[in-house]
Amino acid sequence: MERLFRTPTKTRECMAVDQVQLEAALSAIIEPELGLPLGQIGLLREVTSRRRRVRIEVALPVAAWPGSDELADEIHRVAGSVPGVEEIEFDLTVMTDEERAALRVILRTEMLGAASPDAAAEGGHDGHGHAHGGDGAAAAFLLPDSTTRVIGVSSGKGGVGKSTVTVNLAIALAESGHSVGLLDADVYGFSAPKMLGTDHDPIILGDVVIPTSAHGVKCLSMGYFVPDDQPVIWRGPMLHKAIQQFLTDAYWGRPDFVLVDMPPGTGDVALTLAQVMPKAEIIVVTTPQPAAQRVAQRSAFAARRLKLSVRGVVENMSWFTGDDGRRYELFGAGGGQTLAADLGVPLLGQVPLVNAVRLGGDEGRPIVAVDPESDTALVFTDIASKLASLGPARVYRKELSLREG
Ligand SMILES: Nc1ncnc2c1ncn2[C@@H]1O[C@H](COP(=O)(O)OP(=O)(O)O)[C@@H](O)[C@H]1O
Ligand SMILES: [Mg+2]
């Protein structure tokens, strides 16, 4: 009965902070880089309250943790919205080696989709014996029951806009609400970091690599690991190992899509992808002229020989619209349509030749991110939605088929 005589203000003044409620609220905040709740990954080192004053200490995995300002803001916002909280003392610090090791085990467990953290812990600080694809364990998103669609973007030759298409499609998929990773497997001609405009390097926690991200797309590229201007010379097995590590030692989370910027042509990387990611799908980028289309066709046939499912064709540099408003077909016409018909797959879209696309690539300001309403960005958005609505490829296995011998 007494309550009736209290004003709401009075109630608030008298209320101490509910410690359990405070901890629950903070623990549930999702850390954006890792996509996991703070409580699970051990970032909250201290949460205490005395009457209406709370003390929060957050330990970041490394000092240069991306997005730490935004994370601090979010923690303040959430703590401030807990009833009774009037003062927040906030400390941002860096994890100890032990805390980092514990986080590494948590991430490894997530990556493997393993039931027990022990399995991940056994993966070893020594760098031996941990789960590479070849050792029988695969990243969770590569397992047969994973819903992640891995889509290799391929072309017959370089310079047709494969990376441009990969980067803009990845962003378009992310903007339509999907979680997206971009693996730059073009180990000789890597360009994704620059094109996507990532502003930090991947973070390495022991044997776990945390991809960078920009425009909602997580990214890994050889470009982050080799010094500028240094030629990269890979032999087949090293290449295989590098790609495999990007997939099995990287914390990608459980993305809806992983787009793979493939090297041009039909080399070792396609073979590795086919081995490591048997469910991978392929889209082929070509320019409109018949010669380019024939080269692209070879790469599509090679993909099929590896049992990768070719899902569609993207024609790039289809036309240039002059100041007079007319379309000029600088590289000929019809290549994309012909290739799609030959392969029996849809032509997913035609991307015009636009200066803003090149500039965006050079400056790390992809057109889909910086000018999403432009005609060209809408072409990418449309391709992304067609790709999404195609659904995952059905994997045909000869031994499971009744009709095929
Ligand atoms: N539709 C387009 N309009 C204008 N420039 C483009 C277009 N597509 C690609 N480019 C430019 O052409 C060059 C080659 O494209 P890129 O994506 O790097 O090709 P690839 O990965 O196939 O080698 C880059 O400078 C890129 O910015
Ligand atoms: Mg490229």
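Keep in mind that this is a model prediction, so the values were computed, not measured.

Rules behind the numbers
- Residues numbered from 1 in each chain as written.
- Chains lettered and ligands numbered in written order.
- Predicted model: local features only at pLDDT ≥ 70, side-chain atom pairs only at ≥ 80, totals over all residues.
- Heavy atoms only, no water.
- Near = heavy atom within 4 Å.
- Polar contact = N/O pair within 3.5 Å; in protein donor to acceptor, adjacent residues only side chain to side chain.
- Areas by Shrake-Rupley, 256 points an atom, 1.4 Å probe, with all protein chains shown as cover.
- Helix = DSSP H or I, 4+ residues; strand = E, 2+ residues; numbered from the N terminus.
- Nonpolar A, V, L, I, M, F, W, Y, C, P; charged D, E, K, R; others polar.
- Pairing = 2+ DSSP bridges.
- Right-handed = clockwise from strand over helix to strand, strands pointing away.
- Axes fitted to C-alpha atoms, helices over the stretch in contact; angles between N-to-C directions.
- Contact = heavy atoms within 4.5 Å.
- Parallel < 35°, antiparallel > 145°, perpendicular 65-115°, else oblique.
- Left-handed = near helix turned anticlockwise from the far one by under 90°.
- pLDDT = per-residue confidence, 0-100.
- 1 Å grid on protein atoms, 1.4 Å probe; cavity = no way out; pocket = protein on both sides within 12 Å on 5 of 7 lines; lining within 4 Å.
- Points joined across faces, edges and corners; volume = space filled by probe spheres on them.
- Buried < 20%, exposed > 50% of the residue type's maximum accessible area, 1.4 Å probe, protein only.
- Expected span 1.5 Å × (residues − 1).

**A word on the site of ligand 1**
1) Next: Taken together, 16 residues lie near ligand 1, and Gly159, Lys162, Ser163, Thr164 and Pro352 sit nearest.
2) Next: Between ligand 1 and Lys162 there is a distance of 2.8 Å, counted from an oxygen atom to a backbone nitrogen or oxygen.
3) Next: In the model, a nitrogen atom of ligand 1 is placed 2.9 Å from a nitrogen or oxygen of the Asn316 side chain.
4) Next: In the complex, 82% of the free accessible area of ligand 1, which totals 560 Å², lies under the protein chains.
5) Next: Every element with two or more residues in the shell around ligand 1 is listed here: helix H7 (162–175) and helix H13 (355–363).
6) Next: Here the element with the most residues in the shell around ligand 1 is H7; it accounts for three residues.
7) Next: Classifying every residue of the shell around ligand 1 by side-chain character gives eight nonpolar, six polar and two charged.

**Regarding the pairing of strand S5 (residues 87–94)**
1) Next: Direction of pairing for strand S4 (residues 53–60) relative to S5: parallel, over a ladder of eight bridges. Bridging across to S5, Val58 finds its partner in Leu92.
2) Next: Considered for its hand, the β-α-β crossover made up of S4, helix H4 (residues 68–80) and S5 is right-handed.

**Notes on the sheet that holds S5**
1) Next: The sheet built from three strands is open, its strands ordered S3-S4-S5 with mixed pairing. Edge positions in the open sheet fall to strand S3 (44–50) and S5, since each of these has one partner strand only. The average angle at which neighbouring strand axes cross in this sheet is 10 degrees, direction not considered.
2) Next: On top of the sheet, helix H2 (residues 19–27) reaches S3 and S4; it is set at about 150 degrees to S3, its chief contact.
3) Next: The sheet contacts of H4 involve S4 and S5, and relative to S5 the element is tilted by about 150 degrees.

**Some words on the packing of helix H9 (residues 236–248) against helix H10 (residues 268–276)**
1) Next: Where H9 meets H10, the axes come as close as 10 Å, and the angle between the chain directions of the two elements is 45 degrees. On the basis of their axis angle, the class for H9 and H10 is oblique. Crossing angle aside, the handedness with which H9 passes H10 is right-handed. Here Gly236, Leu239, His240, Ile243, Gln244 and Leu247 of H9 lie close against H10, whose contacting residues are Asp268, Val269, Thr272, Gln275 and Val276.

**Here's the deal with the confidence of the model for the chain**
1) Next: Summing up the model confidence of the chain, the mean pLDDT is 85 and the portion of residues at 70 or higher is 86%.
2) Next: Confidence drops under a pLDDT of 50 for residues 114–136, and excluding neighbours within four residues, the segment shows 36 contacts in the predicted structure.
3) Next: When the criterion is pLDDT under 50, residues 397–405 qualifies, and its contacts beyond four places in sequence or with other chains add up to two contacts.

**Looking at the layout of surface pockets**
1) Next: Put simply, the second largest pocket is a space of about 430 Å³.
2) Next: Surrounding the second largest pocket, 25 residues form its lining, Gly159, Gly161, Thr164, Met195 and Met317 being those nearest its centre.
3) Next: With five residues, the single largest contributor to the lining of the second largest pocket is H13.
4) Next: Residues belonging to the lining of the second largest pocket are distributed by class as follows: nine nonpolar, 11 polar and five charged.

**Considerations on the sheet that holds strand S10 (residues 212–214)**
1) Next: Taken together, eight strands build an open sheet; the order of strands is S10-S11-S7-S12-S6-S13-S14-S17 and the sheet is mixed. Across the chains shown, the open sheet's two edge strands, defined by having one partner strand only, are S10 and strand S17 (347–351). Going across the sheet, the axis of each strand differs from the next one's by a mean of 25 degrees, ignoring polarity.
2) Next: Taken together, the four bridges between strand S14 (residues 309–316) and S17 define a ladder with parallel strand orientation. By the bridge assignment for S17, Val313 is matched with Leu347.

**Quick look at the environment of Asp382**
1) Next: As for its position among the elements, Asp382 is in helix H15 (residues 375–390).
2) Next: Accessibility expressed as a relative area gives 35% for Asp382, which makes it partly exposed.
3) Next: Spatially, the C-alpha atom of Asp382 lies 8.2 Å from that of Leu348, the residues being 34 residues apart in sequence.

**Quick look at H7**
1) Next: Its 14 residues place the ends of H7 20 Å apart at the C-alpha level, agreeing with the 20 Å of an ideal helix rising 1.5 Å per residue.
2) Next: Across the 14 residues that make up H7, a large majority, 13, are buried.
3) Next: Of the residues flanking the end of H7, it is Gly177, one or two places downstream, whose phi is positive at about 100 degrees.

**Quick notes on the packing of H7 against H15**
1) Next: Where H7 contacts H15, the two axes come as close as 8 Å, and the packing angle between them is 70 degrees. Classified by the angle their axes make, H7 and H15 are roughly perpendicular. Of the residues in H15, those in contact with Thr164, Val165, Asn168, Leu169, Ala172 and Leu173 of H7 are Phe380, Thr381, Ile383, Ala384, Leu387 and Ala388.
2) Next: The class makeup of the residues in the contact of H7 with H15 is nine nonpolar, three polar and no charged.

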